[in-house]
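Examination of the molecular architecture
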Amino acid sequence: MTGRRRLTLFGVCLVVLLGVAWYAGSRPVSTGPPPSVTGSVRLGPDPGAAVADYLASLPATLPAPGVVVPALVQLDAAVTGDRAVAIAGDAAILQVVWRVPVPRVQTALRFETLDAGVPVAAAVDVARQRAQLAAQADAARRTGRPGAVAAAEQAALGATDCACVVAVVVRADRAGLAAVAARGGVRAVQAAPAGALLTDLAVAPLLPEQTDRVDPLPDDGPVPPAPTG
């Protein structure tokens, strides 16, 4: 390469670098929060945590008055979809967590986001049907005990009155969340930080059977047989 060609190439690179620097300096500076990462906000206790310590920490998560945030409402027993709607009251339900309760059998947590623009009771029932379809798919591809558990879940979720809701994610302000927390059947309400979206949340609810520590539940009980015919 001749000296003239090297100088020409150097000049072109310099122009490009100056252009990039000018563009970066001329862009408006954002004063908002940094973009959120999906699943970056955990709602629910950490594995192995003491339940009493987790419950004691929740009042500090409530937002300032008038600030609307998503929050995880955890129940002391599994309830029907209709009961979950009643517990939420005026708080908007964003997501329902389904889990079929079977003594000493580990069943799946199924997270179903509600369809927008649909009456809440109907949207919750559609979410139940989606959870049933997910259990059906698991039953079809699994064998042995896991397949039998999924088949039992599918059968239970097929009933409109299945008491299979263990938690809901709602959106409300401080007063609305306090009203939800005061309702019968509510064990705990944990609010997300202001500005959090549903897509930011990593939800892991405290289960009704977890009373001392957040440890895995036993999985040594008999699996109910799936109905035939």
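Here is a short report on the structure shown in this document. Predicted model only: the values in this text are computed from it and were never measured.

Structural notes on the overall build of the chain
When you go through the chain residue by residue, the secondary structure sums to 6 helices and 7 strands. Along the chain, helices (α) and strands (β) appear in the sequence α-β-α-β-α-β-β-α-α-β-α-β-β when read from the amino end. Surface exposure of the chain reaches about 12,700 Å², of which carbon and sulfur atoms provide 62%.

Describing the state of the cysteines
Linking two cysteines covalently through their sulfur atoms gives a disulfide. Across all of its chains, the model carries 1 disulfide by this definition. Between the sulfur atoms of cysteine 162 and its disulfide partner cysteine 164 the distance amounts to 1.7 Å. Side by side, cysteine 162 and cysteine 164 carry an identical accessibility label, which is buried.

Observations regarding the sheet that holds strand β5 (residues 165-172)
On the basis of which strands lie adjacent, the open sheet formed by 5 strands has the order β4-β3-β5-β2-β6 and antiparallel pairing. Each having just a single partner strand, β4 (110-113) and β6 (186-191) make up the two edges of the open sheet. Between one strand axis and the next, the sheet turns by 20 degrees as a mean value, whatever way the strands run. As defined by bridge partners, strand β3 (residues 92-98) adjoins β5 across 6 bridges and the pair is classed as antiparallel. Its bridge partner lying in β5, valine 96 is registered against valine 168.

Structural notes on the side chain of glutamine 74
Tracing the backbone shows glutamine 74 in strand β2 (residues 69-79). Given a relative accessible area of 0%, glutamine 74 falls into the buried group. Here tyrosine 54 takes part through its side chain, which lies 3.0 Å from a polar atom of the side chain of glutamine 74. Look past the residues within four positions of glutamine 74 in its chain and what remains in contact with it is Gly44, Pro45, Tyr54, Val166, Ala167, Val186, Arg187, Ala188, Gln190, Pro205 and Leu206.

Things to note about the packing of helix α4 (residues 120-141) against helix α5 (residues 144-157)
As a packed pair, α4 and α5 sit with axes 8 Å apart at the nearest point and diverge in direction by 155 degrees. If you check the angle between α4 and α5, you find them roughly antiparallel. The interaxial crossing formed by α4 with α5 has left-handed handedness. Together, Arg128, Ala131, Gln132, Ala135, Gln136, Asp138 and Ala139 of α4 and Gly147, Ala150, Ala151, Glu153, Gln154 and Leu157 of α5 make up the contact between the two elements. Split into classes, the residues belonging to the contact of α4 with α5 amount to 6 nonpolar, 4 polar and 3 charged.

Digging into the pairing of β4
When a strand is regular, its side chains alternate between the sheet's two faces. Alternating positions in β4 separate cleanly, Arg110 and Glu112 being buried on one face and Phe111 and Thr113 remaining unburied on the opposite face. The pairing of β3 with β4 spans 4 bridges and is antiparallel. When the sheet's bridge partners are listed, valine 96 is paired in β4 with glutamate 112.

Observations concerning the nonpolar core
Grouped together as the largest cluster of nonpolar side chains are 35 residues, with contacts concentrated most on Trp98 and Val170. When contributions to this core are tallied by element, the ones reaching two or more residues are β2, α3 (81-88), β3, α4, α5, β5, α6 (174-181) and β6. Ranked by size, the runner-up nonpolar core spans 13 residues in total, among them Val169, Ala196, Leu201 and Leu207.

Quick word on the environment of arginine 171
Within the element layout of this structure, arginine 171 appears in strand β5. Through-space distance from the C-alpha of arginine 171 to that of alanine 88 is 9.4 Å; in sequence the pair is 83 residues apart. Sequence-distant contacts of arginine 171, that is, excluding residues within four places in its chain, are made with Val68, Val69, Pro70, Ala91, Ala92, Leu94 and Ala196.

Thresholds, definitions, all that
Residues numbered from 1 in each chain as written. Predicted model: local features only at pLDDT ≥ 70, side-chain atom pairs only at ≥ 80, totals over all residues. Heavy atoms only, no water. Helix = DSSP H or I, 4+ residues; strand = E, 2+ residues; numbered from the N terminus. Areas by Shrake-Rupley, 256 points an atom, 1.4 Å probe, with all protein chains shown as cover. Disulfide = S-S within 2.5 Å. Buried < 20%, exposed > 50% of the residue type's maximum accessible area, 1.4 Å probe, protein only. Pairing = 2+ DSSP bridges. Axes fitted to C-alpha atoms, helices over the stretch in contact; angles between N-to-C directions. Polar contact = N/O pair within 3.5 Å; in protein donor to acceptor, adjacent residues only side chain to side chain. Contact = heavy atoms within 4.5 Å. Parallel < 35°, antiparallel > 145°, perpendicular 65-115°, else oblique. Left-handed = near helix turned anticlockwise from the far one by under 90°. Nonpolar A, V, L, I, M, F, W, Y, C, P; charged D, E, K, R; others polar. Core = buried A, V, L, I, M, F, W, Y, C linked by side-chain atoms within 4.5 Å.

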